[in-house]
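# Structural overview
One-letter residues, chain by chain:
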Amino acid sequence: MAIVNQNFLNLSGRYLFSEITSKVNAFQKQNPEADIIRMGIGDVSRPLVPKVIEAMHQATQECSCSATFRGYGPEHGYSFLRQAICSSDYKSRGIDIDESEVFISDGAKSDTGNIGDILSCDNLIGITDPVYPVYIDTNMMTGRKIQYIICTPENGFTGDIPSNKLDVVYLCYPNNPTGAVITREKLQKWVDYALANDCLLLFDGAYEAFIRDESIPRSVYEIPEAKRCAIEFRSFSKTAGFTGIRCGYTVVPRELSAAAKDGSRVFLNGLWERRQSCKFNGASYISQRAAEAVYSPEGQAQITADIDAYLDTAKIIRAAMLEMGLNPTGGDNSPYIWSRTPNGMPSWEFFDYLLEKAGVVMTPGAGFGQAGEGWFRLTAFQQKDRTIEAMNRIIKYIK
Ligand code: MLT
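Everything numeric in this text was worked out from a predicted model, so none of it was measured.

### Some thoughts on the site of the ligand
- The immediate surroundings of the ligand are formed by Phe17, Ile41, Gly42, Lys109, Tyr132, Asn176, Tyr207, Lys238, Tyr336 and Arg377.
- Between the ligand and Tyr132, the relevant distance is 2.6 Å, taken from an oxygen atom to a side-chain nitrogen or oxygen of the residue.
- In this structure, an oxygen atom belonging to the ligand sits 2.9 Å away from a side-chain N or O atom of Asn176.
- Starting from 270 Å² of accessible surface for the ligand in isolation, the protein chains cover 85%.
- Mapping the ligand onto the cavity grids shows that it belongs to the second largest pocket.
- Per-class residue counts for the shell around the ligand are five nonpolar, two polar and three charged.
- Counting only domains with at least three residues in the shell around the ligand, you end up with domain 1 (14-43 + 298-398) and domain 2 (51-295).

Next up, the structure:
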């Protein structure tokens, strides 16, 4: 008799964004004329930049003749991309990361979900609330105990440092969903906590490219000693519009270790290397050449212009929310804008209201955890004219 993983039965019926898609599709079916504006899932709307397209064409061309064709690539990524990451994302900021510490993948969603494979199910996991649902769902799938770290306007949505010992803590800054950033001082506190408690930090930096304030850390490794306690996840999805292309990477420093049952120390770089080479065959050559192109001077200029455009859209959303009498956070160094719902309406009720009245899709805060109830999230990834239209519609029904 095959027995299911019982833990799956404790999950909500659907993954948050699948639930939203299904609701929106049902609404569209009933209202075929409705012009729906999607500002729910953080999916980019701007096309890939020319330098990336050029690199993809060239990589495709290479694959068309036997002399330059590529089959299986190195499981952890091509050296050309790993080196570009080390020098552009880290060395340029005074951080020493070796190529062997960088693992190329098909995105941060997979890696933040899969990292649990190398960690015991007995770990007590700290997860900020509200949060990107992947961290919660994947830990629930293995039956791990979760302690929620409540994020509120009072603690700047960066959580209070726990007074008990947690084994693993997930942090994501700029934050999904609140759009909040973390100061160097606060991140230092988390690193100090992790070092003092032999706790592993899982730092999701998928939105670092949106940081415009130079005082805000872009990498956890900007904090001294963080290589002894943190894994960092990065993605090209939001940085360079790769939500469909798929490419990301994870940094597992060589000196980072965790305990085995007998108390001895095990290096996590080796474990992740073992996990990935067994379960993953690498991101495609074409995606990796595309990602490499992001680091060229033209690529950098082109993606920066795109991110600036999204940040301009974020300003439009913030201004409209202020006009509605709401008090949004995020959107300055982040593509997400987070706010309480008007009149304390429950999140999903407000979701239905906006969809039905205004034809606008947002993400209900409750989908990100209990602390998100009564809040909602809008993304700045929609096209500018559609965003203006969406805001005008919402203002009409909210004011
Ligand atoms: C989101 O909307 O929260 C993200 O787009 C989801 C993701 O990156 O997987």
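### Let's talk about the domain arrangement of the protein
- Domain annotation of the protein identifies domain 1 (14-43 + 298-398) and domain 2 (51-295).
- Look at where the C-alpha atoms of domain 1 and domain 2 centre, and you get two points 26 Å apart.
- With 33 residues of domain 1 at the contact, the number on the domain 2 side is 32 residues.
- For the pair domain 1 and domain 2, the summed buried area comes to about 2500 Å², and 61% of that belongs to carbon and sulfur atoms.
- Ranking the residues of domain 1 by area buried against domain 2 places Tyr15, Asn333 and Phe368 at the top, with a combined share of 26%.
- The closest approach of N and O atoms between Glu298 and Lys51, which form a salt bridge, is 3.5 Å.
- Between domain 1 and domain 2 we count 14 residue pairs in polar contact (both at pLDDT 80 or more) in total.
- Of all the elements in the fold, those that place two or more residues in the side of domain 1 that touches domain 2 are α10 (297-323), β11 (329-330), β12 (336-340) and β15 (375-379).

### Some words on the pairing of strand β7 (residues 230-235)
- Burial analysis of β7 places six of its six residues in the buried class, the great majority of the element.
- Neither face of β7 is open: one carries Ala230, Glu232 and Arg234, the other Ile231, Phe233 and Ser235, and all of them are buried.
- As paired strands, strand β6 (residues 200-204) and β7 are joined by four bridges and run parallel to one another. Within β7, the position partnered with Leu202 by the bridge is Ile231.
- Inspection of the sheet shows β7 paired to strand β8 (residues 248-251) by four bridges, in the antiparallel sense. When the bridges of β8 are listed, Phe233 appears paired with Thr250.

### Brief notes about empty space enclosed by the protein
- Counted under the stated rule, the structure contains one cavity of 30 Å³ or more.
- Empty space within the largest cavity amounts to approximately 60 Å³.
- Per element, the largest residue contribution to the lining of the largest cavity is four residues, and it comes from α10.
- Tallied by class, the residues present in the lining of the largest cavity amount to seven nonpolar, two polar and three charged.
- The residue makeup of the lining of the largest cavity includes at least three contributed by each of domain 1 (14-43 + 298-398) and domain 2 (51-295).

Conventions adopted
- Residues numbered from 1 in each chain as written.
- Predicted model: local features only at pLDDT ≥ 70, side-chain atom pairs only at ≥ 80, totals over all residues.
- Heavy atoms only, no water.
- Near = heavy atom within 4 Å.
- Polar contact = N/O pair within 3.5 Å; in protein donor to acceptor, adjacent residues only side chain to side chain.
- Areas by Shrake-Rupley, 256 points an atom, 1.4 Å probe, with all protein chains shown as cover.
- 1 Å grid on protein atoms, 1.4 Å probe; cavity = no way out; pocket = protein on both sides within 12 Å on 5 of 7 lines; lining within 4 Å.
- Sits in = over half its atoms within 2 Å of the grid points.
- Nonpolar A, V, L, I, M, F, W, Y, C, P; charged D, E, K, R; others polar.
- Domains from an automatic or database assignment.
- Contact = heavy atoms within 4.5 Å.
- Buried area = accessible area lost by both parts, 1.4 Å probe.
- Salt bridge = Lys/Arg side-chain N within 4 Å of Asp/Glu carboxyl O.
- Helix = DSSP H or I, 4+ residues; strand = E, 2+ residues; numbered from the N terminus.
- Buried < 20%, exposed > 50% of the residue type's maximum accessible area, 1.4 Å probe, protein only.
- Pairing = 2+ DSSP bridges.
- Points joined across faces, edges and corners; volume = space filled by probe spheres on them.

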